[in-house]
Amino acid sequence: MTEYWVSQGNKWCDFCKIYIANNPSSIRNHELGQRHKDNVAKRLTTMRKESAAKEKEQKEAARALEQIEAKAKRSYQKDVVNFQARDSSPEALTDQEGLLRKLSCWQTARLVYI
């Protein structure tokens, strides 16, 4: 059988956004070139900046969540204190009994509806 010529194809350089011949000498020559080295350095700098910005954003989000949780905890503690103060008063007991009756009626009505 006769052999025929086959193209080696091209290799794509992601840093430089160009095609180069797909043979070791062309690849080595391209990778040792100043343009390729500059593009690699530029890409690494961009990646570092993006990483730093993302890390900063995550820290800000974590700090915001901590502040929200602290405010929620303070609000909850105020509610507990107010509930305990209201719960100990005599008129609160009658209010609670009325609420319990309303709740039980509502639950019964809901069960009948279901």
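Residues numbered from 1 in each chain as written. Predicted model: local features only at pLDDT ≥ 70, side-chain atom pairs only at ≥ 80, totals over all residues. Heavy atoms only, no water.

(A) Looking closely at the pairing of strand 2 (residues 18-21). By the bridge criterion, four bridges tie strand 1 (residues 10-13) to strand 2 in an arrangement that is antiparallel. By the bridge assignment for strand 2, Lys11 is matched with Ile20. The turn joining strand 1 and strand 2, which pair antiparallel and follow one another in sequence, is formed by four residues; a positive phi near 60 degrees is taken by Lys17. (Pairing = 2+ DSSP bridges. Helix = DSSP H or I, 4+ residues; strand = E, 2+ residues; numbered from the N terminus.)

(B) A look at the environment of Thr46. Summarising the element assignment, Thr46 is placed in helix 2 (residues 34-88). Only 2.9 Å separates the side chain of Thr46 from the backbone oxygen of Lys42, close enough to count as a polar contact. (Polar contact = N/O pair within 3.5 Å; in protein donor to acceptor, adjacent residues only side chain to side chain.)

(C) Local environment of the side chain of Asn39. One can find Asn39 in helix 2. In contact with Asn39, not counting residues within four places along its chain, are Phe15 and Cys16. (Contact = heavy atoms within 4.5 Å.)

(D) Layout of the UniProt feature "domain: Matrin-type" (unreviewed entry) in the protein. UniProt tags residues 11-42 as "domain: Matrin-type" (unreviewed entry). Counted over residues 11-42, helix gives 56% and strand 22%. Its end C-alpha atoms are 21 Å apart. (UniProt positions renumbered as here; feature names shortened; annotations may be inferred.)

(E) Highlighting unusual backbone geometry. Positive phi outside glycine occurs at Lys17, with the angle close to 60 degrees. Relative to the helices and strands, Lys17 is located in the loop between strand 1 and strand 2.

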